[in-house]
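Next come the chains, spelled out residue by residue.
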Amino acid sequence: MNLNLYGHDGAWLMVDCGITFERDSTRIRPRVQTPDPQFIAERKDALAGIVLTHAHEDHIGAIPLLWERFPVPVYTTPFTAEVLRRKAAGRGGKIPSPIIECIPGEEQTIGPFNVRWLPITHSTPDTCALHIRCAAGSLLHTADWKIDEMPQVGPGFNSDWFAAAGASELDAVVCDSTNAVVPGHSISESTVRDGLLKAVAACEGRVVVACFASNIARIHSLIDVASNTGRYLGLLGRSLQTMHSAAVSVGLLERSQRLIETGHLGYLPRDEVLIVATGSQGEHGAALQRLAAGTHHQLELEPGDTVILSSRVIPGNEESVERLLKRFRDQGISIIDGESAVQPVHASGHPCQEELASMYQWSRPRLAVPVHGEQRHMKANAQIARENGAQMALTGENGDLFYLAPEPGLRRKVAMVGRLEQDEEGRLLAISPS
Ligand SMILES: [Zn+2]
Ligand SMILES: [Zn+2]
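Now for a quick tour of the structure.

Cut-offs applied
Residues numbered from 1 in each chain as written. Chains lettered and ligands numbered in written order. Predicted model: local features only at pLDDT ≥ 70, side-chain atom pairs only at ≥ 80, totals over all residues. Heavy atoms only, no water. Donors = N, O, S within 2.8 Å, 3.2 Å for Na, K, Ca; no water. Tetrahedral: all angles 85-135°; square planar, octahedral: opposite > 155°, others 65-115°. Axes fitted to C-alpha atoms, helices over the stretch in contact; angles between N-to-C directions. Helix = DSSP H or I, 4+ residues; strand = E, 2+ residues; numbered from the N terminus. Parallel < 35°, antiparallel > 145°, perpendicular 65-115°, else oblique. Contact = heavy atoms within 4.5 Å. Nonpolar A, V, L, I, M, F, W, Y, C, P; charged D, E, K, R; others polar. Polar contact = N/O pair within 3.5 Å; in protein donor to acceptor, adjacent residues only side chain to side chain. Buried < 20%, exposed > 50% of the residue type's maximum accessible area, 1.4 Å probe, protein only. Pairing = 2+ DSSP bridges. Right-handed = clockwise from strand over helix to strand, strands pointing away.

Here the focus is the coordination of the zinc ion (ligand 1). Looking at the zinc ion (ligand 1), the protein donor atoms are D58 (OD), H59 (NE2), D144 (OD) and H372 (NE2), and they sit 2.1 to 2.2 Å from it. Coordination at the zinc ion (ligand 1) is irregular: its four donor atoms span angles of 87 to 167 degrees at the metal. Coordination of the zinc ion (ligand 1) draws on donor residues from a single chain, spaced D-H-x84-D-x227-H in sequence.

What follows is the structure, given as structure tokens:
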């Protein structure tokens with residue numbers, strides 16, 4: 001659940017405001033958690049704006065729940081804006097107003113900050129890194145990213161944006177650490193498309209592909225796979241339909257002739273059916289779990305059908321996924337996952353070590369601040385930053401405050417990593433070293 005605050009001259013800029021799911025084996029549904037917004041809620045008059053980098057839940061999910069406590073303009077790209085509006089409406093949460101839509105490449109002045117939206121590739125479209133400047137200095141906030149030259153939806157990765165930011169002398173890069181312990185380079189969505197095409201072409205019965213609803217490129221690839229294998233595509237699961245229609249409404253996807261009403265799926269010959277389903281983590285009540293239990297009202301799978309897992313298992317969900325797969329196997333339904341697939345059927349949306357090294361070489365920051373990962377991921381990211389020219393790298397914990405600029409005093413100030421301390425009126429006093 002990401003929430004970043006950048007402060008300068010008495011003003012704050014919020015970047016992302018997401019949720020996470022607390023897993024508890026005694027509960028059927030996981031509990032939603034948000035960041036603790038008290039610090040900024042108490043000084044909401046000083047909050048100049050909220051910038052959302054992309055449409056994933058861990059970056060936008062808390063907005064409908066928390067926005068009323070700091071009701072300022074929200075700036076984001078058109079797809080993320082559309083997803084946010086639909087999610088807020090679906091959950092009975094608050095739709096922020098105004099939502100200011102920003103086109104990649106554009107700049108906005110938000111309080112004392114100048115923010116430039118830099119297009120970057122990730123596992124959901126319209127993701128942007130941010131080049132944030134103020135009188136004290138400038139930084140690059142990468143958001144979640146990978147280098148994908150052929151992302152299937154949206155433009156390919158273009159390093160020029162980051163080299164240009166680097167040429168302006170960045171004080172800091174705040175960077176995704178998710179895959180910093182993974183050597184090499186992430187797989188392109190175009191490779192996944194080829195892998196899915198081969199896998200589906202080899203199947204004889206119905207094929208169900210489980211993937212994350214926000215991965216519009218994967219849906220695009222599966223529409224393509226359906227055309228190439230003489231199948232029709234059905235989207236099972238409300239979040240898939242929401243994401244698909246959000247992508248169509250902002251022009252990222254075309255409405256395909258191959259896409260059919262899910263009510264028709266049960267009437268087609270089995271070898272003409274391709275289904276995308278939600279519930280790859282074994283979630284209670286999701287389409288995949290109902291298919292496994294034989295309780296889906298529109299479709300029943302049979303022996304000889306295939307389920308392809310085009311997703312990863314999020315740590316903590318191993319048991320529920322294993323239970324789900326066992327139910328399919330017990331019914332004679334084949335499973336293809338990352339291990340059994342001949343070619344990749346899933347790709348991560350986060351940068352591996354080679355990609356991180358390239359990003360530091362282009363952006364050449366003095367200071368790296370690894371975020372978005374556990375300690376070991378952030379430490380690995382910090383190491384890569386130092387090996388690629390950063391003079392300093394800071395890893396912290398939730399609630400930590402770092403001084404990024406200006407020099408001199410950078411080293412002394414940034415070394416103070418700790419908790420925020422406030423006086424009785426809620427003014428920021430100091431940070432206590434942890
Ligand atoms: Zn994320
Ligand atoms: Zn993400």
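Here the narrative resumes, following the displayed structure.
With that settled, consider the packing of helix α7 (residues 216–228) against helix α8 (residues 238–249). Here α7 crosses α8 at 90 degrees, and the two axes come no closer than 10 Å. Comparing their axes, α8 and α7 come out roughly perpendicular. Where α7 approaches α8, its residues I216, I219 and I223 are matched on the opposing element by L240, M243, H244 and A247. Partitioned by chemical class, the residues of the contact of α7 with α8 number six nonpolar, one polar and no charged.

Here E57 is to be found in helix α2 (residues 57–60). In this structure the side chain of E57 is engaged in a polar contact, spanning 3.2 Å, whose partner is the side chain of K87.

What follows deals with the coordination of the zinc ion (ligand 2). Six octahedral donors at a metal ideally form angles of 90 or 180 degrees, and four tetrahedral donors ideally form angles of 109.5 degrees. Protein coordination of the zinc ion (ligand 2) is provided by H54 (NE2), H56 (ND1), H122 (NE2) and D144 (OD), with donor distances spanning 2.1 to 2.4 Å. In this structure, the zinc ion (ligand 2) is surrounded by four donor atoms whose angles at the metal cover 90 to 161 degrees, and the resulting shape is irregular. Donor residues for the zinc ion (ligand 2), ordered by position in the chain, follow H-x1-H-x65-H-x21-D. Separating the zinc ion (ligand 2) from the zinc ion (ligand 1) is a gap of 3.5 Å, which D144 spans by donating to each of them. With a gap of 68 residues between them, H54 in the loop between β5 (47–51) and α2 and H122 in the loop between β9 (113–119) and β10 (128–134) connect regions that are remote in the sequence. By relative accessible area, which is 0% here, H54 ends up buried. For H122, a relative accessible area of 10% corresponds to the buried category.

Among the five residues that make up strand β15 (residues 273–277), five are buried, leaving the element largely enclosed by the rest of the structure. With burial as the criterion, each face of β15 is covered, one bearing V273, I275 and A277 and the other bearing L274 and V276. Note: strand β13 (residues 207–210) against β15, four bridges, orientation parallel. Bridging from a neighbouring strand, V208 pairs with I275 of β15. Where strand β14 (residues 232–236) meets β15, five bridges bridge the pair, whose relative direction is parallel. Looking at β15, one finds that L233 is bridged to L274. Handedness of the crossover is the feature at issue here: the chain leaves β14, passes through α8, returns alongside β15, and the resulting connection is left-handed.

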